[in-house]
Amino acid sequence: MSLELPAVAPAVTAELVAALSPRLRKRLDAGVTKLADRPAVRDGDAVRITVDDEGSELELRAPGGVVSTVADIRCGCLLSPDCLHRAAAASAAPVADPATAPPPPPDATTAAPPSDGVTAAPDTDLAAAVSRSGASGAGGATVSGEATASGQAVPRDGARAAEDSATPAQHAAVEAVFAAAAAVLDAGTDGSGAVLQAELLRAAHTARLAGLPRAATAVVSVVTALRSARAVDPAFRLAELVAALSETLYVAHRVRSATGAELAGLRGTVRQPYTPDGSLRLYGLFSEPVLTASGYAGAVTWTADADGRLYTVSDVAPGGAGRAVGAADRAVRIGDTALTHRELARAGLAVSGATVSPTGRLGAGAGVRAVRASGADWRDGPLDRLWAVPASEQVQRVLSGGPDLLFLEVTPTGVVRGAAGDALLADCDGLPLRLTAAHDHPALPHRDNLRLLAAVHGRRLRVVARLVAAPDARAQLLATEHPTIAGSRVDLGLDRLQHADLPSPAATAVVPASPEAPLHLLRRRVEQASSGGRRVLAFPGNTAADVHRLHRHGLATAGDILDALLAAAAERSRDAFGRLLPTDPGRFARAWLTAARYADEVDRVLCAAAWGG
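Residues numbered from 1 in each chain as written. Predicted model: local features only at pLDDT ≥ 70, side-chain atom pairs only at ≥ 80, totals over all residues. Heavy atoms only, no water.

### Focus on the overall build of the chain
For the chain, the count of helices and strands is 20 helices and 19 strands. Scored against the burial criterion, the 613 residues of the chain give a buried share of 50%. Excluding contacts between residues fewer than 6 apart, the proportion of contacts in the chain whose partners are at least 24 apart in sequence is 65%. With the model as given, the accessible surface of the chain reaches about 26,800 Å², and the carbon-plus-sulfur share is 54%. (Helix = DSSP H or I, 4+ residues; strand = E, 2+ residues; numbered from the N terminus. Buried < 20%, exposed > 50% of the residue type's maximum accessible area, 1.4 Å probe, protein only. Contact = heavy atoms within 4.5 Å. Areas by Shrake-Rupley, 256 points an atom, 1.4 Å probe, with all protein chains shown as cover.)

Quick look at the structure:
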């Protein structure tokens, strides 16, 4: 089946799988694989799949692009509606973002939508795609008298005290989320089939109804990564699965005891509120493609005002690599301007009646007016001020939760070979910097452009990059000045450099990787557990050498955490008759979460130190 299926709401998949008999549940994974080989056609909002040789058809109706109810999936076989086909189709389809799922019915736990003329738009998946610093889904505390973006009103004064802790419904929801995520860690990717994924989606739906959109979004990210891993998708990255599992377990663990502003952040937001920002004069910086594992694609153009504040104009919707490549030539969705994203990246924009989200995303409401204006070169005012900030200060800003872009002046010096692949080595005011590709998809030119830039030696270039929290100075290269044409620049995810664009070729220097703190000994175990499950860490073996090495390099806490993780994986209690009792997935999940969070925090500290912070 080469046709892409429409996204299905998490609650629909969970309900269809729960309705299967135990016998059919055992056959669900095989049914999903078999369905992928069946012919399919699209007819408007519907997709029809021929499920057997007798011509029986399965239909998925997706008004608005999302299958939102069980009734939207119909099967014409003799066993319908108790057949396997409907659940298999829902399990094979992409998971709809919680922000686009149908709202729950109003009851005592849900409040009125935001008022006072504040517009809102789904921003969950875009925030994850554009800002990959790890805290993009955290949301923020709301002010008195406003409504949260998850649809719950913020109480005033005396009523606020009752909201300083999670509600019983939220406690129950995070218990379900934690248990489902712990089961995935126990089973690994190979054991996390459609049935376990359905339990995750049920937990995501429960969390969403309880007013926990951050947890719901994290769970959906786990399911998306699991499906990518099980399908042997070349775009799958184990680090993304680890990050999604860590976020899910962390939110579920902290909600139970958090209060006040911390709880507000853990609850998260589904919709970003847009507030009026008057008139803006913006200058284009660059444009980048967006291609997410959750099935969204498009383009985002970054702009800045005269004070250096960053704004984004986005066009992200369900789609694949084709949409990511072509979105740059679509007109931006703001005001009456006919500028495309590619043109806006080099021109300017005058906006009146602007509305802006907390993340800097420009709204496209009916009252917004925008016209084309002149742009500015990176080396001229007012954009020149972005590169005047020292790199260490920019890194501290990113690690403190600000925009994750870095504006650097670098001189390419060669290629460095490492375990994570080749990187462009550059000198940034005496700091050795590794620049990597922002995306590995073959339809996007990131990696090809990076390879060509390795031949540019001794030329000082201004670049825009996205910080990577790593023990060394590392960033993903997004845009650069043209190596030979003054005043021109290249968006590395959209434009393709040619050999003719480069100066005379020179031999590329290959630099060996420098030694690093052995934190990878802990992170490797975290990744092994995410992929292979608890049993991988429970195998007998001598791990004392790893623990001793961590202690020898001053990482005594990491050694103790690794020891506790391996002990939790291997622990099996026995009853009074000497029989092995079932494992405790919860204990192992807590030990794994401790290791994952510790490794992330050490990476952030080492990252700040590597940049001179």
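### Overview of the packing of aromatic side chains
Using the criterion set out here, one finds three aromatic pairs in the structure. Measuring from ring centre to ring centre gives 6.3 Å for Phe 286 and Trp 302, while their planes differ by 10°; the resulting arrangement is stacked. One end of the pair, Phe 286, is in strand β8 (residues 271-291); the other, Trp 302, is in strand β9 (residues 296-304), with 16 residues separating them in the sequence. Looking at Phe 286, the relative accessible area reads 0%, which means it is buried. Each ring, one from Trp 387 and one from Phe 407, has its centre 5.1 Å from the other, and the planes form 75°; the classification is edge-to-face. A residue pair is termed long-range when its members are at least 10 positions apart, and Trp 387 in the loop between β12 (369-373) and α14 (391-399) and Phe 407 in strand β13 (residues 405-418) qualify at 20 residues. The exposure classification of Trp 387 matches that of Phe 407, with both residues buried. Pairwise contacts between aromatic rings join Trp 378, Trp 387 and Phe 407 into one cluster. The residue whose ring lies beneath Arg 597 is Tyr 250, and the NZ or CZ to ring-centre distance is 3.7 Å. (Phe/Tyr/Trp six-rings, centres within 6.5 Å; stacked < 30°, edge-to-face > 60°. Lys NZ or Arg CZ within 6 Å of the ring centre and 35° of its normal.)

### Things to note about unusual backbone geometry
Omega for the peptide link from Ser 80 to Pro 81 comes to 5°, which places this bond in the cis form. Relative to the assigned elements, Pro 81 resides in the loop between β6 (73-75) and α4 (85-92). Despite not being glycine, Val 232 shows a phi value in the positive range, around 50°. Summarising the element assignment, Val 232 is placed in the loop between α9 (213-230) and α10 (238-255). Despite not being glycine, Asp 429 shows a phi value in the positive range, around 55°. With respect to the secondary-structure elements, Asp 429 resides in the loop between β14 (421-428) and β15 (431-437). The exposure class of Asp 429 is exposed, given its relative accessible area of 63%.

### Here we look at helix α11 (residues 260-267)
Three or more residues of α11 are buried, namely Leu 263, Gly 265, Leu 266 and Arg 267. Packing partners of the buried residues in α11 comprise α7 (168-191), α9 and α10. Gly 268 sits one or two residues past α11 and shows a positive phi near 80°.

### Re the pairing of strand β17 (residues 474-481)
Of all the eight residues making up β17, eight are buried; the element is thus mostly covered by neighbouring parts of the structure. Sheet topology places strand β16 (residues 461-467) next to β17; five bridges connect them, and they run antiparallel. Residue pairing for β17: Arg 466 is matched across the bridge by Gln 476. Connecting β16 to the antiparallel partner β17 that follows it, the hairpin turn spans six residues. Relative to strand β18 (residues 489-491), β17 is paired through three bridges, and the arrangement is antiparallel. (Pairing = 2+ DSSP bridges.)

### Here we look at the environment of Ser 314
Tracing the backbone through its elements, the reader meets Ser 314 in strand β10 (residues 310-318). Owing to a relative accessible area of 12%, Ser 314 belongs among the buried residues under this scheme. Between the C-alpha atoms of Ser 314 and Trp 302, which are 12 residues apart in sequence, the distance is 8.8 Å.

### Concerning the pairing of strand β3 (residues 46-50)
The pairing of strand β2 (residues 40-43) with β3 spans four bridges and is antiparallel. Bridged to Val 41 within β3 is Arg 48. Linking β2 back to β3 in an antiparallel pair, the connection comprises two residues, with Gly 44 at a positive phi of about 65°. Following β3, the chain reverses through six residues before pairing antiparallel with strand β4 (residues 57-61); Gly 55 in that reversal takes a positive phi of roughly 90°.

### Thoughts on the packing of helix α1 (residues 10-18) against helix α8 (residues 194-209)
Where α1 meets α8, the closest approach of the two axes is 8 Å, and the angle between their N-to-C directions is 130°. Comparing their axes, α8 and α1 come out oblique. Here α1 runs over α8; the crossing is left-handed. Contacts from Pro 10, Ala 11, Thr 13, Ala 14, Glu 15, Val 17 and Ala 18 in α1 reach Val 195, Ala 198, Leu 201, Arg 202 and His 205 in α8. Counted by class, the contact of α1 with α8 contains eight nonpolar, two polar and two charged residues. (Axes fitted to C-alpha atoms, helices over the stretch in contact; angles between N-to-C directions. Parallel < 35°, antiparallel > 145°, perpendicular 65-115°, else oblique. Left-handed = near helix turned anticlockwise from the far one by under 90°. Nonpolar A, V, L, I, M, F, W, Y, C, P; charged D, E, K, R; others polar.)

### A short note on the nonpolar core
Counting 62 residues, the largest nonpolar core has Leu 200, Leu 245, Leu 249, Leu 522, Phe 588, Trp 592 and Tyr 598 as the members making the most contacts within it. Aside from chain neighbours lying at most four places away, what touches Tyr 598 is Leu 519, Leu 522, Leu 555, Thr 557, Ala 558 and Ile 561. Counting 34 residues, the second largest nonpolar core, distinct from the first, contains Ala 437, Val 456, Ala 473 and Trp 611. (Core = buried A, V, L, I, M, F, W, Y, C linked by side-chain atoms within 4.5 Å.)

### Details of the pattern of salt bridges
According to the stated counting rule, one finds 34 salt bridges in the structure shown. Arg 451 is the salt-bridge partner of Asp 448, the closest N and O atoms lying 3.2 Å from each other. Here Arg 451 and Asp 448 lie together in helix α15 (residues 446-453), a separation of three residues that amounts to about one turn. One continuous salt-bridge network, built from bridges that share partners, spans Asp 329, Arg 342, Arg 346, Asp 491 and Asp 495. (Salt bridge = Lys/Arg side-chain N within 4 Å of Asp/Glu carboxyl O.)

### Here we look at the side chain of Thr 301
Relative to the elements of secondary structure, Thr 301 occurs in strand β9. Side-chain polar atoms of Thr 301 contact the side chain of His 341, separated by 2.8 Å. In this view, Thr 301 contacts Phe 286, Ser 287, Tyr 311, Thr 312, Val 313, His 341, Leu 344 and Ala 345; residues no more than four positions away in its chain are not counted. (Polar contact = N/O pair within 3.5 Å; in protein donor to acceptor, adjacent residues only side chain to side chain.)

### Regarding the confidence of the model for the chain
For any part of a model where pLDDT is low, the fine detail of the predicted coordinates should not be relied upon. Averaged over all residues, the pLDDT of the chain equals 82, while 85% of them reach at least 70. Low pLDDT, under 50, characterises residues 103-162; the predicted model gives this stretch 105 contacts beyond four residues in sequence or across chains. (pLDDT = per-residue confidence, 0-100.)

### Some thoughts on the sheet that holds β3
Read from one edge to the other, the open sheet built from four strands follows the order β2-β3-β4-β6, with strand pairing classed as antiparallel. The open sheet terminates on both sides in strands that have one partner only, identified here as β2 and β6. Across the sheet, the axes of successive neighbouring strands diverge by a mean angle of 15°, strand direction being ignored. Where β3 and β4 come together, five bridges link them in antiparallel fashion. Residue pairing across strands places Ala 46 opposite Arg 61, the latter belonging to β4. Sitting on the sheet, α4 touches β4 and β6, and the angle it makes with β6 is about 140°.

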